[in-house]
Amino acid sequence: MGAPRIGVLALQGDVVEHVRALERAGAETLEVRTPDDLARADALVVPGGESTTVIRLLDRFGLTAPIRQRVRAGMPFWGTCMGLIVAAHDVAGLAQPTLDLIDVTVRRNAFGRQVASAEVLLAIPALGGEPFPAVFIRAPWIERTGPQVEVLAQRDGHGVMVRQGNVLGTSFHPELTGDDRVHRYFLAMLARRAEPVEASPG
Ligand SMILES: NC(=O)CC[C@H](N)C(=O)O
């Protein structure tokens, strides 16, 4: 079996930064624009960007159904900021369509608009003792989590890093710092998948 190849959705957003961080963390990468690209990927990262635009593009490029299918069958998925919004069950106060891959409700631009973007030192016990320099850019927070969802980090009392089995979401942008610990955490999720995984309900 060759090294796993991490697909990075490359329709819009900060794609290159994720590709670089994943490669620094030792992964092979692949830019995903078509269902054929997706078929060659062992995992998918959806970067930061603009969620309303990307949801429309996913439909236009025929990626909505195949992504849902692969992720529901266990393919590791990680959404950062816009990627988390796209993966959420729903968006608070908006009738915005989503892929519904993780049982959370997100609130868009919850920490304030562009001027309120910030770098915050976050405690993320799953990554070890050292705080993580988290970059928030018009970031969502997590307003509701379902019973299967694990909250891995919070900011101001709101979830900003969550995981449900094979699906990881961060409100912030680990690809914009030199700290690759979240990328490594995601790669470890893949490594563990080589073992038999428990069937997920639903
Ligand atoms: N940095 C980001 O990805 C911003 C997300 C953007 N505010 C959205 O709602 O889509």
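Residues numbered from 1 in each chain as written. Predicted model: local features only at pLDDT ≥ 70, side-chain atom pairs only at ≥ 80, totals over all residues. Heavy atoms only, no water.

- In the annotation of an unreviewed UniProt entry, the protein chain is listed under the name Pyridoxal 5'-phosphate synthase subunit PdxT and assigned to Vulcanimicrobium alpinum.
- Taken directly from UniProt, the Function (unreviewed entry) text for the protein chain runs: "Catalyzes the hydrolysis of glutamine to glutamate and ammonia as part of the biosynthesis of pyridoxal 5'-phosphate. The resulting ammonia molecule is channeled to the active site of PdxS."
- You can read under Sequence similarities (unreviewed entry) in the UniProt record for the protein chain the words "Belongs to the glutaminase PdxT/SNO family." (UniProt positions renumbered as here; feature names shortened; annotations may be inferred.)

## Here we look at the nonpolar core
Consideration 1: Core analysis: the largest hydrophobic core is formed by 34 residues, its most contacted members being Ile6, Met161, Leu168, Phe172 and Phe186.
Consideration 2: Secondary structure elements with two or more residues in this core: β1 (5-9), α1 (15-24), β3 (43-46), β8 (132-136), β10 (150-155), β11 (158-164) and α6 (181-193).
Consideration 3: By residue number, the principal contributor to this core is α6, which donates six residues.
Consideration 4: The contact partners of Leu168, leaving out residues within four places of it in the chain, are Phe77, Trp78, Gly79, Leu152, Met161, Val162, Arg163, Val182, Tyr185, Phe186 and Met189.
Consideration 5: Listed in part, the 33 residues of the second largest apolar core include Met75, Phe77, Leu101 and Val167. (Core = buried A, V, L, I, M, F, W, Y, C linked by side-chain atoms within 4.5 Å. Buried < 20%, exposed > 50% of the residue type's maximum accessible area, 1.4 Å probe, protein only. Helix = DSSP H or I, 4+ residues; strand = E, 2+ residues; numbered from the N terminus. Contact = heavy atoms within 4.5 Å.)

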